[in-house]
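# Geometric and topological summary
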Amino acid sequence: MEQLQSLTIIGSENCQDVVGAASWPLSKSHSSRAISDHMFMRISRRTFLAGAAASNLLRAAEPVIDIHQHTNYAGRTDEELIAHQRTMGITRTVLLPAGSKYGLAVGAGGNDSCRALAQEVPEQFVFFTNELPDLPEARQALEKYLNAGAIGIGEQKFNVQCDSPFIHLVADVAQEFGVPVLMHFQHDVYNMGIERFHTVLEKHPKASIIGHAQTWWGNIDRNHDQTVLYPKTKVTPGGITDRLLSDYPNMFGDLSAGSGLNALRRDEDHAREFLVRHQDKLMYGSDCDDRVGQGPACSGAQCLETLRRLAPAKEILNKILFRNASRVLKIVV
Ligand SMILES: [Zn+2]
Ligand SMILES: [Zn+2]
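Numbers given to residues run from 1 along each chain, matching the order in which its sequence is written. Chain labels run from A onward and ligand labels from 1 onward, assigned in the order the entries are written. At least 70 in pLDDT is required for a residue's local features to be given in this predicted model, at least 80 for side-chain atom pairs to be given and counted, and no such filter applies to totals for whole chains, interfaces and linings, which use all residues.

### What to know about the environment of Asn-219
With respect to the secondary-structure elements, Asn-219 resides in the loop between α10 (214-218) and α11 (240-247). In contact with Asn-219, not counting residues within four places along its chain, are Ile-194, His-224, Gly-239, Ile-240 and Thr-241. Only DSSP runs of H or I covering at least 4 residues are called helices, and only runs of E covering at least 2 are called strands; the numbering of each starts at the N terminus. Once C-beta atoms have been placed from the backbone, residue pairs whose C-beta atoms lie within 7 Å are recorded as contacts.

So, in structure tokens, the structure goes:
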């Protein structure tokens, strides 16, 4: 609430702050034109959002790409999402829509919601597209938004086998458009059968697949019990996830949510080695639905803090915070 209030002040009452922030990347002539525009225009929602995004850029100590957020997440408004990302220090955020049904089981906004915010505040947001892969119109829906500027597909979080014809279709589309797919693996619920996922990677070597969620992260451990979603035991390297990341150039990992954070914290000695081993494959994401953006209530902030603490070198940290995402998602920061 404090964040929202301070944003409201910037947007609605302190025009100079908005102009100062928004003009930062622009030339002097742009900035004086911006000032005269602001003098005579009512401050629009677009101006408010852009101001918030630009002041975020001013503050950022180093670029951070967050590859995993949602609109309307647990009822959070766009303004609250922008404030949350600003507090975390995010440079650019990837919005992952739901498909035409289910809201990813958390009420998340769909394709139009993510596209609208990304078009409104392109300095801060880019968007993926998504659809239930087992609908007859899945391909058409994905292609429509990929042609409209979506830079990836996901998050795929639907009740199908991970090597089903439906996921092969999604990987086909991804390969045709040269975009990644982000997949939520959850035992017995979403993208089941992770032990067979290598067949999808082999069949679509040019499609980059980004793994996420409980079953993805639990399987860093060779001794993983598939029924345990947040294991706390020490990790024995060589689990399914560890091997997919090592063996397939097109497999990547999304460190977001409680599952990614747990994978780092359950065994920090292992995590340090894992970050080195897969330094070219791991990407930071938040996927938290809080409105705070810092402290223990925000898993995204906790993950940033943990990565900064555990990454053995600045260059490795930078790869995980933005370089890998910049390369794989083709985002310029
Ligand atoms: Zn997920
Ligand atoms: Zn958060």
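### Let's talk about the nonpolar core
Side chains of nonpolar character tend, in soluble globular proteins, to be buried together. Here a nonpolar core is just a set of buried residues of the types Ala, Val, Leu, Ile, Met, Phe, Trp, Tyr and Cys, joined wherever their C-beta atoms sit within 7 Å. With C-beta atoms placed from the backbone, a residue is labelled by how many other C-beta atoms lie within 10 Å of its own: buried for 20 or more, exposed for 12 or fewer, partly exposed between the two. One finds Leu-95, Val-181, Met-283, Tyr-284 and Ile-320 to be the most contacted residues of the largest nonpolar core, which totals 76 residues. Once residues lying within four places of it in the same chain are set aside, the contact partners of Val-181 are Gly-152, Ile-153, Gly-154, Gln-156, Val-170, Ala-171, Ala-174, Ala-207, Ile-209 and Ile-210.

### With respect to α11
Taken residue by residue, α11 has Ile-240, Thr-241, Asp-242, Leu-244 and Leu-245 as its buried positions. Considering only its buried residues, α11 is in contact with α9 (198-203), β6 (209-212), α10 and β7 (251-254).

### A closer look at the pairing of β7
Alternating residues of β7 divide into Met-251 and Gly-253 and Phe-252 and Asp-254, and every residue in both groups is buried. Pairing between strands requires that DSSP locate at least two bridges from one strand to the other. One ladder, built from three bridges, connects β6 with β7; its direction is parallel. Residue pairing for β7: Gly-211 is matched across the bridge by Gly-253. Pairing analysis gives two bridges linking β7 to strand β8 (residues 282-283), with the strands arranged parallel. Bridging from a neighbouring strand, Asp-254 pairs with Met-283 of β8.

### Some words on helix α5 (residues 78-88)
Counted residue by residue, α5 has eight buried out of eleven residues, so it is predominantly covered. Along α5, the residues that are buried comprise Leu-81, Ile-82, Ala-83, His-84, Gln-85, Arg-86, Thr-87 and Met-88. Just beyond α5, the residue with positive phi is Gly-89, at close to 85°.

### Re the packing of helix α7 (residues 138-146) against helix α8 (residues 165-177)
Contact pair α7 / α8: the axes reach a minimum separation of 10 Å and the direction vectors enclose 25°. In terms of their interaxial angle, α7 and α8 are classed as roughly parallel. As for the relative orientation of α7 and α8, their crossing is right-handed in sense. In contact with Ala-138, Arg-139, Leu-142, Glu-143 and Leu-146 of α7, α8 contributes Leu-169, Val-173 and Phe-177. Orientation is described by axes fitted as lines to C-alpha atoms, over the contacting stretch for helices, and by angles from 0 to 180 degrees between their N-to-C directions. Just so you know how the angles are binned, under 35 degrees is roughly parallel, over 145 roughly antiparallel, 65 to 115 roughly perpendicular, and the rest oblique. By definition, any crossing whose near helix is turned counterclockwise from its far helix by less than a right angle is left-handed, and any crossing with a clockwise turn is right-handed.

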